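Here are the chains, one letter per residue:
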Amino acid sequence: MVTKKPQWFETALQIKGSVIAAIYKRVLFFGAFGVFISILYHFQVPVSQPSLSTVIPSIVLGLLLVFRTNTAYDRFWEGRKCWGTIVNTIRNLARQIWISIDEKEPEDKDHKIDALNLLLAFAVSTKLHLRGEPINSDLEALMPTYKYINLTIINNPPLEVAFWITNYLQQQYKRNCINSYQFVAMQELLNILVDNLGACERILKTPMPLAYAIHLKQLLLLYCFLLPFQIVGNLHWWTGLISALVSFTLLGIEAIGLEIENPFGYDENDLPLDAICTNMKRNIDDLISLTPTVNKF
């Protein structure tokens with residue numbers, strides 16, 4: 001399926017996915033404040049103070065905003081890399097389980113399907129765990145009832161699912177359905193899954209330092225309040241509009257950083273974890289539909 005690439009002006013005027021909804025009230029407030037300063041200036045109240053531009057140099061505020069946004073994007077991109085690794089590792093481990101494990105008993109194929117569903121359950125439970133949501137029916141369809149009930153009382157469901165997969169692999173190794181090299185390779189892939197779970201938890205549980213966030217907001221507030229006093233002498237009735245535009249720029253950059261610093265939620269700019277998990281389910285279903293022709297390497 002080919003997705004139509006949006007046109008430049010369509011993207012520029014798009015509301016959905018932007019931070020306009022998050023900042024428009026503050027922008028209107030600073031615009032109205034600029035109009036108020038214009039009215040005072042019109043009645044010759046001495047509000048024009050160009051020297052206030054030296055209180056907070058714009059380059060200092062700009063550098064702080066750039067640092068804030070870059071730090072947030074680093075967290076977003078690291079989260080995306082972790083989930084990319086989770087997807088590829090699940091595909092590789094699922095392929096090895098489906099192809100490499102011998103089916104000595106009639107029920108062995110069903111057990112392999114259960115193991116592949118547990119791989120998908122690892123991804124789904126990781127998504128729910130990162131979002132702080134309880135176990136739901138999406139997982140109930142991927143495992144026996146007793147395991148699902150057990151998962152509802154576990155503090156870290158993805159780790160429990162990883163334990164079940166490890167237990168399955170050990171059972172197959174003891175039954176000589178896989179050799180030691182295959183067992184070690186599969187265990188290493190499972191370790192990669194757990195490592196990336198830990199990396200996502202690190203992103204989630206390491207917020208931006210509160211003092212930095214507070215100080216940046218205070219500087220933005222001070223800058224936007226002082227701006228009308230700096231420009232009213234030159235712009236007069238345009239002061240409100242220009243104040244609104246400047247506050248829209250600065251507050252928008254700060255809001256973008258705030259939105260993407262936790263990439264695992266439901267915001268428009270967060271990672272599409274639901275779509276990623278749905279795509280993995282299709283991959284698992286496609287793999288199960290294939291018939292392995294070689295059982296040993």
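Presented here is an overview of the structure given in this document. (Residues numbered from 1 in each chain as written. Predicted model: local features only at pLDDT ≥ 70, side-chain atom pairs only at ≥ 80, totals over all residues. Heavy atoms only, no water.)

## Focus on the pattern of salt bridges
Rule in force here: The rule for a salt bridge is simple: a side-chain nitrogen of Lys or Arg has to be within 4 Å of a carboxyl oxygen of Asp or Glu.
Within this structure, the stated rule accounts for 8 salt bridges. Note that E103 is salt-bridged to K112, the shortest N-O span being 3.0 Å. One network of salt bridges, in which partners are shared, links K127, R131 and D274.

## Quick word on the environment of F122
Short version of the rule: Secondary structure elements are defined from DSSP: runs of H or I of at least 4 residues count as helices, runs of E of at least 2 residues count as strands, and each element is numbered from the N terminus. Exposure is judged per residue with a 1.4 Å probe applied to protein chains only, and the accessible area is read against the type maximum: over 50% gives exposed, under 20% gives buried, and values in between give partly exposed. The contact definition used throughout considers only heavy atoms, calling two residues in contact when any of these lie within 4.5 Å.
When you line up the elements, F122 lands in helix α4 (residues 108-131). Assessed through its relative accessible area of 0%, F122 is described here as buried. Spatially, the C-alpha atoms of F122 and I165 are 9.4 Å apart, while their sequence positions differ by 43 residues. Apart from the residues within four sequence positions on either side, F122 is in contact with P158, V161, A162, L193, V194 and L197.

## Some points on the layout of surface pockets
What counts is decided by this rule: Using a grid of 1 Å spacing that covers the protein atoms alone, one calls a set of points a cavity when a 1.4 Å probe fits there but cannot get out, and a pocket when the set is open and has protein on both sides within 12 Å along at least five of seven lines; lining residues are those with an atom within 4 Å of a point. Grid points are joined across faces, edges and corners, and a volume is the space filled by probe spheres set on the points. Residue type decides the class: Asp, Glu, Lys and Arg count as charged, Ala, Val, Leu, Ile, Met, Phe, Trp, Tyr, Cys and Pro as nonpolar, and the leftover types, Gly among them, as polar.
One number sums up the size of the largest pocket: a volume of about 230 Å³. Considering every element that reaches the lining of the largest pocket, the biggest residue donor is helix α7 (residues 157-174), with 5 residues. Of the residues belonging to the lining of the largest pocket, the class tally is 6 nonpolar, 4 polar and 2 charged. Estimated volume of the second largest pocket: approximately 190 Å³. For the lining of the second largest pocket, the element with the most residues is helix α10 (residues 239-260), which contributes 7 residues.

## Some words on the environment of A32
Among the secondary structure elements, A32 is positioned in helix α2 (residues 20-42). A relative accessible area of 45% places A32 in the partly exposed class.

## Some words on the packing of α2 against helix α9 (residues 210-235)
Helix packing geometry: the angle between the two helix axes and the distance between the axes. Using the following cut-off: Note on geometry: axes are C-alpha line fits, over the in-contact stretch for helices, and angles between N-to-C directions span 0 to 180 degrees. For a crossing to be left-handed, the near helix must be turned anticlockwise from the far one by less than a right angle; the clockwise case is right-handed.
Taken N-terminus to C-terminus, the directions of α2 and α9 make an angle of 35°; their axes are 9 Å apart at the nearest point. Here α2 runs over α9; the crossing is right-handed. Of the residues in α9, those in contact with F29, F30, F33, G34, I37, S38 and Y41 of α2 are L221, C224, F225, P228, F229, V232 and G233. Per-class residue counts for the contact of α2 with α9 are 11 nonpolar, 3 polar and no charged.

## Some details on unusual backbone geometry
The phi angle at N176 is positive, at roughly 60°, despite the residue not being glycine. For N176, the location among the structural elements is in the loop between α7 and α8 (180-205). One non-glycine residue, H236, adopts positive backbone phi at about 50°. Looking at the secondary structure, you find H236 in the loop between α9 and α10. Of the residues examined, H236 reaches a relative accessible area of 24% and is grouped as partly exposed.

## Comments concerning α2
Under the convention used in this document: In this scheme, a helix's expected span is set at 1.5 Å multiplied by one less than its residue total.
Relative to the 33 Å expected for 23 residues at 1.5 Å per residue, α2 spans 31 Å between its end C-alpha atoms, a close match to the ideal helical length. Residues I23, V27, F30, G31, F33, G34, I37 and S38 constitute the buried set of α2. Positive phi shows up at Q44, right after α2, with a value of about 65°.

## Some details on the side chain of E160
Let me state the cut-off plainly: A positive count includes Lys and Arg, and a negative count includes Asp and Glu. His and the chain ends are not counted in either.
By the element assignment, E160 lies in helix α7. With no salt bridge to any partner, buried E160 finds its closest opposite charge in K147, at an N-O distance of 8.6 Å. If we skip the residues at most four places from it in the chain, E160 touches N150, L151 and I154.

## Quick word on the packing of aromatic side chains
The cut-off we apply is this: When two rings of Phe, Tyr or Trp (its six-membered ring) have centres within 6.5 Å they constitute a pair, described as stacked for plane angles under 30 degrees, edge-to-face for angles over 60, and tilted for the intermediate range. Lysine NZ or arginine CZ positioned within 6 Å of the ring centre and within 35 degrees of the ring normal marks a charge as sitting over the ring.
In the structure shown here, the tally under the stated rule is 9 aromatic pairs. Here F67 and Y212 contribute two aromatic rings whose centre-to-centre distance is 5.6 Å and whose plane-to-plane angle is 70°, an arrangement assigned as edge-to-face. Pair noted here: F67 is in helix α3 (residues 58-100) and Y212 is in helix α9, with a separation of 145 residues, a long-range link. Taken together, the ring pairs in this structure connect F29, F30, F33, F36, F225 and F229 into an aromatic cluster. A cation over an aromatic ring shows up here: K112 above the ring of W98, its NZ or CZ 5.1 Å from the ring centre. We note R131 situated over the ring of Y266; from NZ or CZ to the ring centre the distance is 4.0 Å.

## Some points on a nonpolar patch on the surface
Just so we agree on the cut-off: The patches reported here contain residues having more than 30% relative accessible area and no salt bridge. Joining distances are 9 Å for like charges and 5 Å for nonpolar side chains (Val, Leu, Ile, Met, Phe, Trp, Tyr). Calculation of accessible area relied on Shrake-Rupley with a 1.4 Å probe; when residues are assessed, cover is drawn exclusively from the protein chains displayed.
There is a patch of nonpolar side chains on the surface, built from V35, I39, F43, V45 and W237 and spanning about 480 Å² of accessible area. Relative to the assigned elements, V35 resides in helix α2.

## What to know about the packing of α3 against α8
Stated precisely, the cut-off is as follows: In these notes the angle categories are as follows: under 35 degrees is roughly parallel, over 145 is roughly antiparallel, 65 to 115 is roughly perpendicular, and the rest is oblique.
Contact geometry of α3 with α8 gives a least axis separation of 9 Å together with a crossing angle of 160°. As the angle between them shows, α3 and α8 are arranged roughly antiparallel. Helix-helix and strand crossings are classified by hand; for α3 and α8 the assignment is left-handed. The class makeup of the residues in the contact of α3 with α8 is 15 nonpolar, 8 polar and 3 charged.

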